[in-house]
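# Overview (structure and organization)
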Amino acid sequence: MKTRLNSLYRVVPVIPLLFLAIMAKGAEPVDDWTDVVRSSPYWVSQGVYENIITIRRWVLKESGYCSESERHILYDMRGQFLGYINDGDSRKETQKQLNATRARLASSGRADAWAKGSKGTTGYPFALACDQPHVDLDEARARYLGTIPANLVWGAWDDLSFASAESPQSLHNALLYVYNERLQQQRLNLPPELIRYLGGQVLIESGGRQRAHSTANARGILQLSPAALEDCRIKPTHYWHRLAQIDCALRLMDQNAKNLKPAFDERFGHLPPAKQNRLFTLLLVQAYHGGAARVKTLLEDEDLSKPAAYFASHHETYTAGDIAFGMIFHNLGRDRFGLASLYYVADVQLATEALCNSPKLKDTDFCD
């Protein structure tokens, strides 16, 4: 491990002065949590993808340090778990405990810095509530795979006709049907593994429920907004139509891919093909959640693209996941980039893994 760290310091020989100043403060809080983000060298993103996946697994599976729901877990810029607290009797008391724990972590050297959190203000180390709403992955997977007959699908949309009332099939088969039809019609140009992640998105977006309806007015199995549905020329009477939802989501993904590809190729076109496809897929999942325009700024904007430029030059040291998450982490607090963006992609990854761990799918081309 020491040798590994030494090699990283050679890649980034100068640690920002602000970062050193923050470390020297010990238990004294910094004024703003974004100071920690801005001063952290890019190499801290090594391993961040798997670390965030781990803590999100605890939340979704109600396991590990989230086996008790009334807890908050704390983690650092690398996504490394640092500790947890049992929630107080009120939000105010919980926040007080979080700040006290942050100070202790900094005093003991487990955290390089800390910043006070409050209502509406992010603190550092970051805190994640174990009791936040989340999908039941086992139940959602069963619904997606058609384990329960009531969840089987059939119908027609546009030029598509899938299964029948006498022989309905699973939502998974419907997803593959629409994807393969549009692929044969040469209407899609997406990374091959994107379809697998779209299956995971169905689980995270709606739990596979046809009539899922969010407070933001997103609807259906892929939680599409009325504006997106209108862009796909879907009439209100068909907003909940599962074939229409899948078709529209694929169309939006393909449009996002067209919008992002030139900037992506300019920045990461020299990466090995497999790594390129993996990174581009993760950015498309990110774009589905937060918008392609915002993801594009991470590739092109003069300030927001600095992390991407660094990772592009030192990509051998980072996984595709680390690069995708590092581009967000080092821009937290800018252009509305928040931790929810990372949680979404991590949750989709976990849902995709849940699908591919099922006996029905693990040995299929879908999971290859």
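Here is a short report on the structure shown in this document. (Residues numbered from 1 in each chain as written. Predicted model: local features only at pLDDT ≥ 70, side-chain atom pairs only at ≥ 80, totals over all residues. Heavy atoms only, no water.)

### Examining the overall build of the chain
What the chain contains, in helices and strands, is 15 helices and five strands. Over its C-alpha trace the chain gives a radius of gyration of 22 Å, about what one expects of a compact globule, namely 21 Å for 368 residues. Overall size of the chain, expressed as C-alpha extent along the three principal axes, is 70 × 50 × 40 Å. In the chain, the proportion of contacts linking residues at least 24 apart, taken out of those at least 6 apart, comes to 63%. For the chain, the exposed area adds up to about 17200 Å²; of that, 49% sits on carbon and sulfur atoms. In the chain, the 42 positive side-chain charges and the 41 negative ones have mean positions that sit 2 Å from each other. (Helix = DSSP H or I, 4+ residues; strand = E, 2+ residues; numbered from the N terminus. Rg over C-alpha atoms; globule rule 2.2 N^0.38 Å. Contact = heavy atoms within 4.5 Å. Areas by Shrake-Rupley, 256 points an atom, 1.4 Å probe, with all protein chains shown as cover. Lys, Arg positive; Asp, Glu negative; His and termini not counted. Charge placed at Lys NZ, Arg CZ, Asp CG, Glu CD.)

### With respect to a negative patch on the surface
Taken together, the side chains of Glu 266, Glu 300, Asp 301, Glu 302 and Asp 335 define an acidic patch exposed on the protein surface. One can find Glu 266 in helix 10 (residues 242-268). For Glu 266, a relative accessible area of 70% puts it in the exposed group. (Patch = residues over 30% accessible without salt bridge, like charges linked within 9 Å, V, L, I, M, F, W, Y side chains within 5 Å. Salt bridge = Lys/Arg side-chain N within 4 Å of Asp/Glu carboxyl O. Buried < 20%, exposed > 50% of the residue type's maximum accessible area, 1.4 Å probe, protein only.)

### A few points about the nonpolar core
Counting 111 residues, the largest nonpolar core has Phe 126, Phe 268 and Phe 329 as its most contacted members. Residues within four places of Phe 268 in sequence aside, it is in contact with Gln 276, Leu 279, Leu 299, Ala 308, Phe 311, Ala 312, Ile 323 and Met 327. Among the nonpolar cores identified, the runner-up in size contains six residues, and Leu 74, Ile 85, Leu 98 and Ala 111 belong to it. (Core = buried A, V, L, I, M, F, W, Y, C linked by side-chain atoms within 4.5 Å.)

### Comments concerning the side chain of Ser 170
Position of Ser 170 relative to the elements: it lies in the loop between strand 5 (160-162) and helix 7 (171-184). Using a relative accessible area of 8% as the deciding quantity, one classes Ser 170 as buried. Here the side chain of Ser 170 touches Asn 173 through a polar contact of 3.1 Å, landing on its backbone nitrogen. Not counting the four nearest positions on each side in its chain, Ser 170 is found in contact with Tyr 144, Leu 145, Gly 146, Leu 152, Val 153 and Phe 162. (Polar contact = N/O pair within 3.5 Å; in protein donor to acceptor, adjacent residues only side chain to side chain.)

### A look at the sheet that holds strand 1 (residues 71-75)
Here three strands make up an open sheet; going across it, the order is 2-1-3 and the pairing antiparallel. Each edge of the open sheet carries a strand with a single partner, namely strand 2 (81-86) and strand 3 (126-129). The mean angle between the axes of side-by-side strands here comes to 25°, regardless of whether they run parallel or antiparallel. Pairing geometry for strand 1 and strand 2, over five bridges, is antiparallel. Pairing of Leu 74 across the sheet is with Gly 83, part of strand 2. (Pairing = 2+ DSSP bridges. Axes fitted to C-alpha atoms, helices over the stretch in contact; angles between N-to-C directions.)

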